[in-house]
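Below, each chain spelled out in residue letters.
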Amino acid sequence: MTPTAAPIADVDDRALAHNYEPLPVNLVHGDGAWVRTEDGTAYLDMLSAYSALNFGHRHPRLVAVAHHQLDTLTLTSRAYSNDQIGPFARALAELCDMERVLPMNTGAEAIETAIKAARRWGYVRKGVPHDRANIVVFDGNFHGRTTTIIGMSSDPEAREGFGPFTPGFVRVPFGDASAVAAAIDDDTVAVLVEPIQGEAGVVVPPDGFLRALRGLCTSTGTLLIADEVQSGLGRTGRTFAFDHEEVRPDVYVLGKALGGGIVPLSAVVADGDVLDLLTPGSHGSTFGGNPLACAVGREVVAMLATGEVQERAARLGTKFLDDLDATVGPHVASLRGRGLWAAFDLPAGAPSGRAFCERLLTRQVLAKDTHGQTVRLAPPLVIDERDLDWGVEQIATVARDWA
Ligand code: PLP
């Protein structure tokens, strides 16, 4: 397709709280990797709702399942059971090679759930004294926006004006296994880590870091909690980003793509030793495990179970990163990624990542800035190879003009 100057939509958001600053484009339709505005202008979605759209917009298999479930049963609460929750849990447990699944809705809720599960595990199984549990987390982390979660953030913008925060977290530099070793004490119940830090700018830790965390957690009797909300479910070319180092964590936290881009669905997945400690009354959610979400989630898991999506992401991802390296790399300060997930930093003093994304918008490509000078890319895993090439060309053209 030929790039044209895209019109900036006039979005009437007067009644909307301003906790976001969206790019000025008002979408009315999505199909695969493409979205369009009311006037018919098409845009290539290279953000995929922060990886929630790994299967693209309105994947036919997922839409069919959702339609069927909409016509059947949508919500029961957990006061009753439903015919979708059990099969979903079994399928996801099998994909993760774990025993139990606790369904929630958003990534942040699933992280909160994992924190509660780890604390209870620490008191019951490890014998940590009452209310003394601590969890090791990392500089640059992003695990969501609740008050407990932002309390462990190192990002002043996320924290400012929202204290006081929940105690019980120790933060160390990302990628530094010796700092983790020094931080773990008798009261440490878990290490909570994103295997690749997404919001921080797709920051990949040094090789061996995840294996080192596994070793430290095993030797100190500490849970290793993998926040794979953004990195998991095929994004990096493997089912989980932890798979790149052949490491099995004790707890997976999943979200985003689990809901197939249709419904919010998250989950904590672990063995019974951990999750069976969350007894009736100790944790819950009205919408968590609703039949609509579970039906879609089960189809997502079925699509991942064959490994084809992951293989495609790995194959396209290699080319994507090579092409970005060759055509964008020379014009930016640094570039990194894994699978179909990448980010680059614009040179210091250059206009901001936001301005770069606005320029990309005029070439009909949607991407997202983070932390000022960084631009993030996460195209749907189902993207057509030619569309991916075209998208990279647009980014390279803007980067060339930028330099
Ligand atoms: N964990 C990670 C790694 C994330 O990237 C995010 C969201 O971007 C979350 C947790 C929070 O997910 P949600 O926005 O669904 O609460």
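Only a predicted model underlies this, so the values are computations on that prediction, with no experimental measurement involved.

### A look at the overall build of the chain
On a plain count of helices and strands, the chain comes out with 13 helices and 15 strands. Against the compact-globule benchmark of 22 Å for 403 residues, the chain has a radius of gyration of 21 Å, which places it among compact chains. Projected onto the principal axes, the alpha-carbon positions of the chain cover approximately 65 × 50 × 45 Å. Put simply, the chain has 403 residues, and 54% of those count as buried. Partitioning the contacts of the chain with sequence separation of at least 6, the portion at a separation of at least 24 is 72%.

### Quick word on the domain arrangement of the chain
Annotation of the chain at the domain level lists domain 1 (27-45 + 308-402) and domain 2 (60-305). The distance between the C-alpha centroids of domain 1 and domain 2 comes to 27 Å. Across the contact, 20 residues belong to domain 1 and 22 residues belong to domain 2. Taking both partners together, domain 1 and domain 2 bury about 1,700 Å²; carbon and sulfur atoms supply 58% of that area. Contact with domain 2 buries area across many residues of domain 1, yet Gln310, Arg338 and Trp341 alone supply 48% of it, more than any other trio. At the junction of domain 1 and domain 2, the tally comes to one salt bridge.

### So, the pairing of strand β1 (residues 27-31)
Within a regular strand, side chains alternate between the sheet's two faces. Relative to strand β2 (residues 34-37), β1 is paired through four bridges, and the arrangement is antiparallel. Counterpart to His29 in the pairing with β2 is Arg36. Between β1 and β2, which follow one another and run antiparallel, lie two residues, and Gly32 among them has a positive phi close to 65 degrees.

### Some thoughts on helix α8 (residues 209-220)
With twelve residues, α8 should cover 16 Å at 1.5 Å per step; its first-to-last C-alpha distance of 16 Å lies within 8% of that length. Restricting attention to buried positions, one finds in α8 the residues Phe209, Leu210, Leu213, Arg214, Leu216 and Cys217. Among the structural elements, β5 (134-138), α7 (177-183), β7 (188-193) and β8 (223-227) are those in contact with the buried residues of α8. At the exit of α8 stands Gly221, carrying a positive phi of roughly 65 degrees.

### Let's talk about the site of the ligand
Near the ligand the following residues occur: Thr106, Gly107, Ala108, Phe142, His143, Gly144, Glu194, Asp227, Val229, Gln230 and Lys256. The separation between a nitrogen atom of the ligand and a polar main-chain atom of Phe142 is 3.5 Å. For the ligand, an oxygen atom lies 2.7 Å from a polar atom in the side chain of Gln230. Coverage of the ligand by the protein amounts to 81% of the 390 Å² it exposes when considered alone. Taken together, the residues of the shell around the ligand break down into three nonpolar, five polar and three charged.

### What about the packing of aromatic side chains?
Per the counting criterion, the structure on display carries seven aromatic pairs. Judged by centre distance (5.3 Å) and plane angle (70 degrees), the rings of Phe344 and Phe356 are edge-to-face. A residue pair is termed long-range when its members are at least 10 positions apart, and Phe344 in strand β12 (residues 342-345) and Phe356 in helix α12 (residues 353-362) qualify at twelve residues. Members of the aromatic cluster, joined through ring pairs, are Phe138, Phe174 and Phe209.

What counts and what doesn't
In this numbering scheme, every chain counts its residues from 1 along its sequence in written order. Where totals are concerned, whole chains, interfaces and linings use all residues; where local detail is concerned, this predicted model gives features only for residues with pLDDT of at least 70, and gives and counts side-chain atom pairs only at 80 or more. Computation of side-chain values covers all heavy atoms of the structure but excludes hydrogens and water. Starting at the N terminus, helices and strands are each numbered in turn, a helix being any DSSP run of H or I of at least four residues and a strand any DSSP run of E of at least two. The reference for a compact globule is 2.2 Å times residues^0.38; the radius of gyration itself is calculated from the C-alpha atoms. Burial classes follow relative accessibility: with a 1.4 Å probe on protein chains only, a residue under 20% of its type's maximum area counts as buried, one over 50% as exposed, and anything between as partly exposed. Whether two residues touch is decided by their heavy atoms; if any such pair falls within 4.5 Å, the residues are in contact. Just so you know, the domain bounds were taken from an automatic or database domain assignment. Defined here as a combined quantity, buried area equals the accessible surface (1.4 Å probe) lost by two parts on assembly, summed across both. For this analysis, a salt bridge means a side-chain nitrogen from Lys or Arg found within 4 Å of a carboxyl oxygen belonging to Asp or Glu. Only when DSSP finds a minimum of two bridges between them are two strands counted as paired. Residue count minus one, scaled by 1.5 Å, sets the expected span of a helix. By convention in this text, a residue qualifies as near a molecule or strand provided that one of its non-hydrogen atoms is within 4 Å of it. Polar contacts, as used here, are pairs of N or O atoms within 3.5 Å; protein pairs need one atom able to donate a hydrogen and one able to accept it. Residues neighboring in sequence count only if both atoms are side-chain atoms. Here the Shrake-Rupley method, with its probe set to 1.4 Å, supplies the accessible areas, and only the displayed protein chains count as covering residues. Note on residue categories: nonpolar means Ala, Val, Leu, Ile, Met, Phe, Trp, Tyr, Cys or Pro, charged means Asp, Glu, Lys or Arg, and polar means any other residue, Gly included. Any Phe, Tyr or Trp ring, taking Trp's six-membered ring, that has another such ring centre within 6.5 Å forms a pair; planes under 30 degrees apart are called stacked, those over 60 apart edge-to-face, and the others tilted.

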